[in-house]
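Residue-level structure breakdown
Okay, here's what each chain looks like letter by letter:
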There are 2 protein chains.
Amino acid sequence: MSVTVTLMHVAREAGVSPSTVSRILNGTANVTPDKRERVEAVIQRLNFTPNVQAQALANGRSFSVGVLTQNISSPFYGETLAGIERGLEGSLYYPLVVSGHWQAEQEQQALDLLMRRRVDAMIVLGGVIEDEALQQVAERVPLVAVGRNVLGLTERCVLIDNREGIRQVVRHLAELGHREVAYISGLETQQDAVERREGFEEAMRELGLPLRPTLMRRGDYTEASGEQEASDLLRSGVPFSALVCANDQMALGARLALYRRGMRVPEDVSLTGFDDLFSSRYTTPPLTTVHQAVNELGQQAAETVLSLLAGDLPHMTPYVPRLIVRESTGPVPHPLTAGGLLMHDSS
Amino acid sequence: MSVTVTLMHVAREAGVSPSTVSRILNGTANVTPDKRERVEAVIQRLNFTPNVQAQALANGRSFSVGVLTQNISSPFYGETLAGIERGLEGSLYYPLVVSGHWQAEQEQQALDLLMRRRVDAMIVLGGVIEDEALQQVAERVPLVAVGRNVLGLTERCVLIDNREGIRQVVRHLAELGHREVAYISGLETQQDAVERREGFEEAMRELGLPLRPTLMRRGDYTEASGEQEASDLLRSGVPFSALVCANDQMALGARLALYRRGMRVPEDVSLTGFDDLFSSRYTTPPLTTVHQAVNELGQQAAETVLSLLAGDLPHMTPYVPRLIVRESTGPVPHPLTAGGLLMHDSS
DNA sequence: CTGTTAGCGCCTTCAC
DNA sequence: GTGAAGGCGCTAACAG
């Protein structure tokens, strides 16, 4: 394609030295107005844009921050990325994102790729890679983790109180009179899935509700697994009046399973999620869930990185999720075993 | 942070010249086995990774392809990005993505940013920026557009036959006996929204169905607008037995409006979308929609860019979308005006 | 204020 | 096969 025009070209064309052009570009020093004008005109005319690679090399900074995400197309991480994008906006920094797909090996490759690109900082979203690998990265550049605690870097982690989130859900259901509560867990190789399940169990105990192994299922955070586990649950015949899912996506899948069985939400079964994805406001009925402000978390991570880069030592405030009661939860159907559940179950 | 180790360090440590190390790194020439071993050992020990910025500068290529997307968190573009990521996998290239948010100005800034980063190629997803700006970019690097026709670059555009997609929807509804069909259009600053609406109108005419201005609404592709327009439609009292939405997100919003009015889908109203987002498989009921294989489109775009970069002249095959009939469409309720619709409408 | 001089880290001729 | 030298495009002292 056409030859790329360099700062050198501009300098020659404007009859000044390269450094002058550079100074104008970066506002590094004062330049006589007429020279400035001349140079700027040439820049316009030649459509010159500085080569970031070269700037990076000369500056020793790439002006980019690496983002290790897991699945770029997941609604959850998508919103986090949007938040990061927003948080970085206006700064000179730009996010380089790579997906790790929840596979330690791929995550390691992603980190390597980003380090080769000499990112100035790193943001890590979840993942299953060992803490050690992240600590190693953290030795070279400032690192902030979201939704994951990294040993020795806790003060650089934007954490969510998963236990508290689920607890709010259980409390809400208890207040509505539910006792037989089923639970579909997420992929327990992920920290948050474990925390949520444990939080559920703790809350049930605290509130004096029965914790039945037969009502505890294990999904993998996907819609498909939510559907699968929910329909297993229904087929099993063990009665329950509420179904708590470890995330919104599984709740969506579970919703479909209930629909297929002709079970109404919330008349027959109350259903809850976790994350408050944007689309959960539009499920039928709108989903009661735990709000995470994923977007804000991303933004906060970005801002933290920026201040780290600026040499400050920001301190993270742990994020407290909050229950959003919408329409997928309601009072227990009267005689549980005879009414709501079993009646429809046999229809 | 710790000093970054360079190729120079490796060379010294291994007792060879920098060029030798470079050759080993790139397999550019043969090197004596023992030197190779020595160097590789040092690379390991020092944990050396080449600086991509420097390589880029020396090579004149950055090994990155720019991606101009609109909204990184939208499920639609998210899936496209995942496809691009997949398509680029295994190549040396890496995607740099920036969002334009459907604003010409921001899109232009995004393009500038990417050109400054000296991307070797560009993939454009939708957008409202003028063709001219894209042509200008295309003069400097290979460019591929997805879901958008760019004047003079048509053979570099991965296009979707939107008219045909909507036509299939209308035909399907006609076969089910629907005559009074409402339509919610997308943001008509976008080409595809116009094509879909026009396709709808054409198909209605062809099939001899009435085209009522009062049943034509204009949304903006968001869930909120779908809800808004659908509820307006219901409030207006004009009877209809089917509602066609220009995308899945608006269909989701419309679904909620119908739910609020106590209208059943598909018993009272048939509902359709367009795009076949992953989550549309899990709406209640699962949504009849037009499949776009967004993921594959992204992948195809990436592969095209790669072969362009390799010097080939690939040829794009226009993409024909296909109707996916799920459960949100059904036969017309018996006497339309008396039965299904108005009865519920007045409840 | 501004031009000259060195690099930043790597690759690539060019000789040996 | 391998080292030396020059350059990619830009910035940052250093002298004027």
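Cut-offs applied
- Residues numbered from 1 in each chain as written.
- Chains lettered and ligands numbered in written order.
- Predicted model: local features only at pLDDT ≥ 70, side-chain atom pairs only at ≥ 80, totals over all residues.
- Heavy atoms only, no water.
- Helix = DSSP H or I, 4+ residues; strand = E, 2+ residues; numbered from the N terminus.
- Rg over C-alpha atoms; globule rule 2.2 N^0.38 Å.
- Buried < 20%, exposed > 50% of the residue type's maximum accessible area, 1.4 Å probe, protein only.
- Areas by Shrake-Rupley, 256 points an atom, 1.4 Å probe, with all protein chains shown as cover.
- Lys, Arg positive; Asp, Glu negative; His and termini not counted.
- Charge placed at Lys NZ, Arg CZ, Asp CG, Glu CD.
- Core = buried A, V, L, I, M, F, W, Y, C linked by side-chain atoms within 4.5 Å.
- Contact = heavy atoms within 4.5 Å.
- Pairing = 2+ DSSP bridges.
- Right-handed = clockwise from strand over helix to strand, strands pointing away.
- Buried area = accessible area lost by both parts, 1.4 Å probe.
- Salt bridge = Lys/Arg side-chain N within 4 Å of Asp/Glu carboxyl O.
- Polar contact = N/O pair within 3.5 Å; in protein donor to acceptor, adjacent residues only side chain to side chain.
- Near = heavy atom within 4 Å.
- Nonpolar A, V, L, I, M, F, W, Y, C, P; charged D, E, K, R; others polar.
- Domains from an automatic or database assignment.
- Least-squares fit on C-alpha atoms with pLDDT ≥ 70 in both.
- UniProt positions renumbered as here; feature names shortened; annotations may be inferred.
- Axes fitted to C-alpha atoms, helices over the stretch in contact; angles between N-to-C directions.
- Arc of directions from axis to C-beta.

- As recorded in an unreviewed UniProt entry, chain A goes by the name Transcriptional regulator, listed as coming from Deinococcus marmoris.

1. Quick look at the overall build of chain A
- When you go through chain A residue by residue, the secondary structure sums to 13 helices and 11 strands.
- Relative to a compact globule of 347 residues, whose C-alpha radius of gyration would be 20 Å, chain A shows 26 Å and is clearly more extended.
- Dimensions of chain A, computed from C-alpha atoms along their principal axes, come out at roughly 90 × 40 × 30 Å.
- Buried residues in chain A amount to 56% of all 347 residues.
- Per element, the accessible surface of chain A, about 14300 Å² overall, is 51% carbon and sulfur.
- Side-chain charges in chain A split into 32 positive and 42 negative, and the spacing between the mean points of these groups amounts to 4 Å.

2. Comments concerning the nonpolar core
- Of all hydrophobic cores here, the largest spans 59 residues; its most connected members are I123 of chain A together with I123 of chain B.
- With 7 residues, helix 12 (residues 294–309) of chain B is the single largest residue contributor to this core.
- Sequence-distant contacts of I123 of chain A, that is, excluding residues within four places in its chain, are made with V65, G66, V67, L68, I84, V144, V146, A301, A302 and V305 of chain A.

3. Quick word on the pairing of strand 4 (residues 143–146) of chain A
All names here are of chain A.
- A two-sided burial pattern is seen for strand 4, the buried positions comprising L143 and A145 on one face and V144 and V146 on the other.
- Taken together, the 4 bridges between strand 3 (residues 121–125) and strand 4 define a ladder with parallel strand orientation. Looking at the pairing, V124 lines up with A145 of strand 4.
- The parallel pair strand 3 and strand 4 is bridged by helix 7 (residues 131–140), and the resulting crossover is right-handed.
- The pairing of strand 4 with strand 5 (residues 157–158) spans 2 bridges and is parallel. Considered in strand 5, the bridge of V146 is made with V158.

4. So, the interface of chain B and chain A
- Listed as interface residues are 62 residues of chain B and, on the opposing side, 60 residues of chain A.
- Across the chain B/chain A interface, buried area totals approximately 5200 Å², and carbon plus sulfur atoms make up 55% of it.
- The interface formed by chain B and chain A holds 2 salt bridges in total.
- One salt bridge connects R260 of chain B with E327 of chain A, and the closest N-O pair in it is separated by 2.8 Å.
- If you look at where chain B meets chain A, you find 16 residue pairs in polar contact (both at pLDDT 80 or more).
- Of all the secondary structure elements, the ones that give two or more residues to the side of chain B that touches chain A are helix 4 (52–59), helix 5 (75–88), strand 2 (94–99), helix 6 (104–116), helix 7 (131–140), helix 10 (223–236) and helix 11 (248–260) of chain B.
- For the side of chain B that touches chain A, the element with the highest residue contribution is helix 11 of chain B, accounting for 6 residues.

5. Quick look at the protein's contact with DNA strand D
- Of all residues adjacent to DNA strand D, which total 24 residues, the nearest are L7 and Q55 of chain A together with T20, R23 and T32 of chain B.
- If you look at DNA strand D and keep only atoms within 4 Å of the protein, 73% of those are sugar or phosphate atoms.
- For DNA strand D, a phosphate oxygen lies 2.9 Å from a polar atom in the side chain of S22 of chain A.
- A distance of 3.2 Å is found between a phosphate oxygen of DNA strand D and a backbone nitrogen or oxygen belonging to N51 of chain A.
- At the level of elements, helix 1 (7–14), helix 2 (18–26) and helix 4 (52–59) of chain A together with helix 2 (18–26) and helix 4 of chain B are the ones that each hand at least two residues to the surface near DNA strand D.
- In terms of residue class, the surface near DNA strand D is made up of 9 nonpolar, 12 polar and 3 charged.

6. Focus on the domain arrangement of chain A
Residue and element names in this part refer to chain A.
- When its domains are assigned, chain A resolves into domain 1 (7–59), domain 2 (64–158 + 294–320) and domain 3 (162–288 + 325–343).
- Centre-to-centre, using C-alpha coordinates, domain 2 lies 31 Å away from domain 3.
- The interface is formed by 9 residues belonging to domain 2 together with 8 residues belonging to domain 3.
- The junction of domain 2 with domain 3 conceals about 720 Å² of combined surface from both sides, 57% of it contributed by carbon and sulfur atoms.

7. Some words on the relation of the copies chain B and chain A
- Aligned on chain A, chain B shows an RMSD of 0.2 Å; the corresponding rotation is 180 degrees and the shift along the axis is 0.1 Å. Classification of the inter-copy transformation places it as that of a two-fold axis. Within chain B, the C-alpha atom positioned nearest to the axis of rotation is that of Q53 of chain B, 2.6 Å from it.
- When you check the interface residues of chain B against chain A, 97% turn up at the interface there too, and the contact is symmetric in its surfaces.

8. What about the UniProt feature "domain: HTH cro/C1-type" (unreviewed entry) in chain A?
- The UniProt record annotates "domain: HTH cro/C1-type" (unreviewed entry) at residues 10–53 of chain A.
- Span residues 10–53 of chain A is 68% helix and 0% strand, its end C-alpha atoms 18 Å apart.

9. Some words on the sheet that holds strand 6 (residues 181–185) of chain A
Residues and elements named next belong to chain A.
- The 4 strands lie next to each other as 7-6-8-9, forming an open sheet whose pairing is parallel. Sheet topology places strand 7 (216–218) and strand 9 (270–272) at the edges, where each strand pairs with a single neighbour. Sheet twist, expressed as the mean angle between neighbouring strand axes with direction ignored, is 15 degrees.
- With 4 bridges joining them, strand 6 and strand 8 (residues 242–245) adopt parallel strand pairing. Bridge assignment links I184 to a residue of strand 8, and that residue is C245.
- Helix-sheet contacts for helix 9 (residues 191–206) involve strand 6, strand 7 and strand 8, and the interaxial angle to strand 6 is about 165 degrees.
- Those strands touched by helix 10 (residues 223–236) are strand 6, strand 7 and strand 8, and its axis lies near 150 degrees from that of strand 7.

10. Let's talk about helix 1 of chain A
Residues and elements named next belong to chain A.
- Taken together, the buried positions of helix 1 are occupied by V10, A11 and A14. Along helix 1, the residues classed as buried sweep out an arc of 100 degrees about the axis, all on the same side.
- In this structure, the buried residues of helix 1 make contact with helix 2 and helix 3 (33–46).

11. Things to note about the pattern of salt bridges
Residue and element names in this part refer to chain A.
- All chains considered together, the criterion is met by 36 salt bridges over all chains.
- A salt bridge links R167 to E206; the nearest nitrogen and oxygen atoms lie 3.7 Å apart. You can see R167 sitting in helix 8 (residues 162–175) and its partner E206 sitting in helix 9, a full 39 residues away along the chain.
- Each of R163, R167, E198, E202 and E206 takes part in a single network of salt bridges with overlapping partners.

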